[in-house]
Amino acid sequence: MRIQAAESIRTEDACVHSNLADRPAPTKTAETGVPDGAGANVAAAAPMLSGAEITIQALIDEGVEYVFGYPGGAVLHIYDALFQRGDAIKHVLVRHEQGATHAADGYARATGKCGVCLVTSGPGATNAVTGIATAHLDSIPMVVITGQVPTPVIGSDAFQEVDTVGITRPCVKHNFLVKRLEDLALTIRKAFFIAQSGRPGPVVVDIPKDVTDPNIKVPYVYPRDLSIRSYNPAKRGHLGQIRKAVEAMLDAKRPIFYTGGGAILDDAAAPLTELVRALGFPITSTLMGLGAYPMTDKQFVGMLGMHGTYEANMAMHETDCLIAIGARFDDRVTGKIEHFCPHAEIIHVDVDPSSISKNVKVQVPIVGPVGSVVTDMLGVLRESGGRPDQTALAAWWKQIDEWRSIDCMRYDRSSPMIKPQFAVETLYKVTDGDLFLTSDVGQHQMFAAQFYPFDKPRRWINSGGLGTMGFGLPAAMGVQLGHPDAQVACISGEASILMCIQEMATCKQYSLPIKVVLLNNGYMGMVRQWQEFFYESRYAHSYVDALPDFVALAQSFGHVGMRVEKPDQLEAAMREAFAMKDRFVFLDVIVDPSENVYPMICAGKGHHEMELPPTMSERELA
Amino acid sequence: MRHIISMLVENESGALSRIAGLFSARGYNIESLTVAATDEPSLSRMTLVTRGNDDIVEQIKKQLNKLIDVVKLQDLSEGEHIEREMMLIKLKAAGPDREELKRLTEIFRAKIIDVTEASYIVELTGASRKLDAFIEAAPEGLITEVVRSGPTGILRGAKGLTL
């Protein structure tokens, strides 16, 4: 299909040339080097570049290290320009455009830099949509360059034409269709600025093929300073509100911090940790916020929400002062809204004003970057010299410790089968807690969040908002490229992994020593769990009857494959896998197919109505 | 409650669909939307009528403001404002109905702008309620066609919605 593209576009190019030649502004100045029109002074100093060259040069000027992409007809000029720049920018050839977006996304999450993708028009762009939406829901900075059919044929249902800007509009922070070569450099600059500032997100830049014509050149100046009159994200929180928030914290008897992905995106881990420790308050986190505060610290009470800990959810229910930082009160976190934090005054810090009072009404809203607001809170706290009510706080901790003692994440450790929880605990042990862990979506994702305590931010990489199966493996590629010397693993299930399995070829091509830890239970585990709980165990299409031999599959891609079936062999196998520092290892771990994720807040229930794991005797009865 | 939201928007292709798309994607009501150029060529003025409780309207305004293309936004319903909508209405006008319709047109200070043996076209400008009232008052069965522009509006006083 993509080879055909080149054929059909050749004829289109001919008409594009004549069309552009009619225009007065950009001229074919390859020979003369001097453009007509205004700005001769600037132009004299500025190099003359084609649209394709501008695209690549702009990425270089943005400091882009990696572009994740897949060539095709509409981006051939850009790929040619990329080829001619040699090693100035590294291109990673994925095996499917979804892989490109997830890899760029994983790179962005793990490094804090902007992820970049380059894909062709039509199916290239539609394949990228899942990854764009994934990044959008988790607010990940990403610039996706999509090729488009030449401007004269836009709207004619041309070969490999889709309305990319239209299709992606609801799942991007912003998008652009560049119709004029003169606008290209500025548009790319804007895309990077928008993607990375305020509440980050993906930005699509759709570039028609004629705009990248190698024969049409304009002076290139990359705009360093940029202001967009309609876009001014908050730079600081309102000091009056911050004072009010600190007062509320000092007055609280049963306070709790609730932090989300925003704390990680804004690199607020250090001031957040300092503030939480200075106050001595308990802290819980959403799935997206894990690692912003050290999870092994005693003030951390575990994740909250649907599969959060009993102590975190009970504390949410009983708190009188909720300090929400970079979190968005998602339905998986709040449970039934009517039961959410019934006794609390709520402080909410978020850079996006539309996040505030969207799902839950808050009393002290603070719009601003999380890092700067938390730093200002620390400053105000120190200035005031105030201390929280220590007696009340001691009583609060006593209560929390009682909830903790219930041991809500207990599981059967004597099972002859490998329990998925045990597999995650073993992974933690083998990697000494020093790991970048990406995840797919389902039970394994929850088990990883529950049983692998991350002490640093940007270590836990998962699709929390969109819940995209297939995310884990390509995301791990981006993480590994961003941190070439770090241990990177992808925890997955046998259903999720197959959704982007083709990326094992990319891992081979770029020698990425990722370790895949597959919790293989033969089912779409989370679907099976819901069917067991809510559909009287009617397992409609959640069992995959024909699985590949994953060991042989990994080997066929040129990797190492291993299978483990017994708990007592697991640690040794994992050690062996992680000892292969320069190899991609696929570890197929056969786990108990009937294990469920506990504790759980069922749909329509509040934080105080958790289902706890069955006791030993209950399990025996079952 | 009904709100009239007035916006300055970048005069770029796609701005309109971003705004319309926001309402459909988030399930907000949109009663009418008018858009046209302003004296500043790079800006369009958009007037949007929506309904919802205070929380929903607050969210609508925040979501609109979040769009990169929206430069400035004002909820006209929050202050003293003037609202105008134009209607062109085609009426069957034959026999005794002609006189009746002429009287109605006078009462509403509307204008008959097209006449045939069997029809009138009436032009009427005012707040949307006034237009509703005219439609109510028109004798039953005589309305052939109603064309309404949707309301536009402006705040009273010296201050304007400018950059």
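Remember, it's a predicted structure, so these values are computed and weren't measured experimentally.

**Points about the overall build of chain B**
Thought 1: Within chain B, the secondary structure is distributed over 4 helices and 9 strands.
Thought 2: Mapped in sequence order, the helices and strands of chain B form the string β-α-β-β-α-β-β-α-β-β-α-β-β.
Thought 3: Expressed as lengths along the three principal axes of its C-alpha atoms, the size of chain B is roughly 55 × 35 × 30 Å.
Thought 4: For chain B, the proportion of its 163 residues judged to be buried stands at 41%.
Thought 5: Here the analysis covers contacts within chain B between residues at least 6 apart in sequence; of these, 73% occur between residues at least 24 apart.
Thought 6: Carbon and sulfur atoms make up 51% of the accessible area of chain B, which totals about 8,900 Å².
Thought 7: Counting 22 positive and 25 negative side-chain charges, chain B places the centres of these two groups 3 Å from one another.

**Quick notes on the UniProt feature "domain: ACT" (unreviewed entry) in chain B**
Thought 1: The positions UniProt marks with the feature "domain: ACT" (unreviewed entry) are residues 4-78 of chain B.
Thought 2: In the segment residues 4-78 of chain B, helix accounts for 33% and strand for 37%; the C-alpha atoms at its two ends are 9 Å apart.

**Here's the deal with the side chain of Thr431(A)**
Residues and elements named next belong to chain A.
Thought 1: On the secondary structure map, Thr-431 appears in the loop between α16 (420-430) and β15 (436-439).
Thought 2: On the basis of relative accessible area, Thr-431 is assigned to the buried category, the value being 1%.
Thought 3: Polar contacts involving the side chain of Thr-431 include one to the side chain of Tyr-452, which spans 2.6 Å.

**What about the confidence of the model for chain A?**
Thought 1: Mean pLDDT over chain A: 92, with 92% of residues reaching 70 or higher.
Thought 2: Predicted confidence for residues 1-40 of chain A stays below pLDDT 50, and this span has 54 contacts to residues more than four positions away or in other chains.

**Focus: the interface of chain A and chain B**
Thought 1: Counting from both sides, the interface comprises 17 residues of chain A and, opposite them, 17 residues of chain B.
Thought 2: Both sides of the chain A and chain B interface together cover about 1,400 Å² of buried area, and 45% of this is carbon and sulfur.
Thought 3: Looking only at chain A, the three residues that lose the most surface to chain B are Arg169(A), Arg229(A) and Ser230(A), adding up to 43% of its buried area.
Thought 4: Connecting chain A to chain B are 3 salt bridges.
Thought 5: Taken together, chain A and chain B are joined by 11 residue pairs in polar contact (both at pLDDT 80 or more).
Thought 6: Each residue belonging to the side of chain A that touches chain B can be placed in one class, and the counts come to 5 nonpolar, 5 polar and 7 charged.

**Some thoughts on the pattern of salt bridges**
Thought 1: In this structure the tally under the stated criterion is 39 salt bridges over all chains.
Thought 2: Residues Arg563(A) and Asp588(A) are paired through a salt bridge, measuring 3.0 Å at the closest nitrogen-oxygen approach. Of the two residues, Arg563(A) sits in strand β19 (residues 560-564) while Asp588(A) sits in strand β20 (residues 585-590), which places them 25 residues apart along the sequence.
Thought 3: Asp69(B) serves as the salt-bridge partner of Arg18(B), at 2.8 Å between the closest nitrogen and oxygen. Pair noted here: Arg18(B) is in helix α1 (residues 15-26) and Asp69(B) is in the loop between α2 (54-66) and β4 (70-75), with a separation of 51 residues, a long-range link.
Thought 4: A relative accessible area of 4% means that Asp69(B) is categorised as buried.
Thought 5: Connected via shared salt-bridge partners are Asp105(A), Arg109(A) and Asp138(A).

**Some remarks on the domain arrangement of chain B**
All names here are of chain B.
Thought 1: Segmentation of chain B into domains returns domain 1 (2-79) and domain 2 (82-152).
Thought 2: A separation of 29 Å is found between the C-alpha centroids of domain 1 and domain 2.
Thought 3: Each side of the interface is counted separately: domain 1 has 6 residues, and domain 2 has 6 residues.
Thought 4: Across the interface of domain 1 and domain 2, roughly 450 Å² is buried in total on both sides, 60% from carbon and sulfur atoms.

**Focus on the sheet that holds β4(B)**
Residues and elements named next belong to chain B.
Thought 1: Taken in spatial order, the 4 strands line up as β2-β3-β1-β4 in an open sheet, and their pairing is antiparallel. Edge positions in the open sheet fall to β2 (32-37) and β4, since each of these has one partner strand only. Each strand axis lies, on average, 15° off the axis of its neighbour in the sheet, ignoring direction.
Thought 2: Relative to β4, strand β1 (residues 2-10) runs antiparallel, the two sharing 5 bridges. Among the inter-strand pairings, Leu-8 is bridged to a residue of β4, identified as Lys-72.
Thought 3: Across the sheet, α2 touches β1, β3 (43-51) and β4, and the angle it forms with β4 is around 160°.

**Comments concerning the packing of helix α3 (residues 51-61) of chain A against helix α4 (residues 76-84) of chain A**
All names here are of chain A.
Thought 1: Two elements in contact, α3 and α4, have axes whose closest approach is 8 Å; the angle formed by their N-to-C orientations is 55°. In terms of their interaxial angle, α3 and α4 are classed as oblique. Considering how the two elements wind past one another, α3 and α4 form a crossing that is right-handed. Between α3 and α4, the residues in contact are Ala-52, Glu-53, Thr-55 and Ile-56 and His-77, Ile-78, Ala-81 and Leu-82, respectively.
Thought 2: Looking at the contact of α3 with α4 residue by residue, the classes come out as 5 nonpolar, 2 polar and 1 charged.

**Points about the side chain of His102(A)**
Residues and elements named next belong to chain A.
Thought 1: Secondary-structure assignment places His-102 in helix α5 (residues 97-111).
Thought 2: Polar contacts involving the side chain of His-102 include one to the side chain of Gln-98, which spans 3.0 Å.
Thought 3: The contact partners of His-102, leaving out residues within four places of it in the chain, are Thr-130, Gly-131, Thr-134, Thr-468, Gly-470, Phe-471, Pro-474, Ala-475 and Cys-500.

Criteria and thresholds
- Residues numbered from 1 in each chain as written.
- Chains lettered and ligands numbered in written order.
- Predicted model: local features only at pLDDT ≥ 70, side-chain atom pairs only at ≥ 80, totals over all residues.
- Heavy atoms only, no water.
- Helix = DSSP H or I, 4+ residues; strand = E, 2+ residues; numbered from the N terminus.
- Buried < 20%, exposed > 50% of the residue type's maximum accessible area, 1.4 Å probe, protein only.
- Contact = heavy atoms within 4.5 Å.
- Areas by Shrake-Rupley, 256 points an atom, 1.4 Å probe, with all protein chains shown as cover.
- Lys, Arg positive; Asp, Glu negative; His and termini not counted.
- Charge placed at Lys NZ, Arg CZ, Asp CG, Glu CD.
- UniProt positions renumbered as here; feature names shortened; annotations may be inferred.
- Polar contact = N/O pair within 3.5 Å; in protein donor to acceptor, adjacent residues only side chain to side chain.
- pLDDT = per-residue confidence, 0-100.
- Buried area = accessible area lost by both parts, 1.4 Å probe.
- Salt bridge = Lys/Arg side-chain N within 4 Å of Asp/Glu carboxyl O.
- Nonpolar A, V, L, I, M, F, W, Y, C, P; charged D, E, K, R; others polar.
- Domains from an automatic or database assignment.
- Pairing = 2+ DSSP bridges.
- Axes fitted to C-alpha atoms, helices over the stretch in contact; angles between N-to-C directions.
- Parallel < 35°, antiparallel > 145°, perpendicular 65-115°, else oblique.
- Left-handed = near helix turned anticlockwise from the far one by under 90°.

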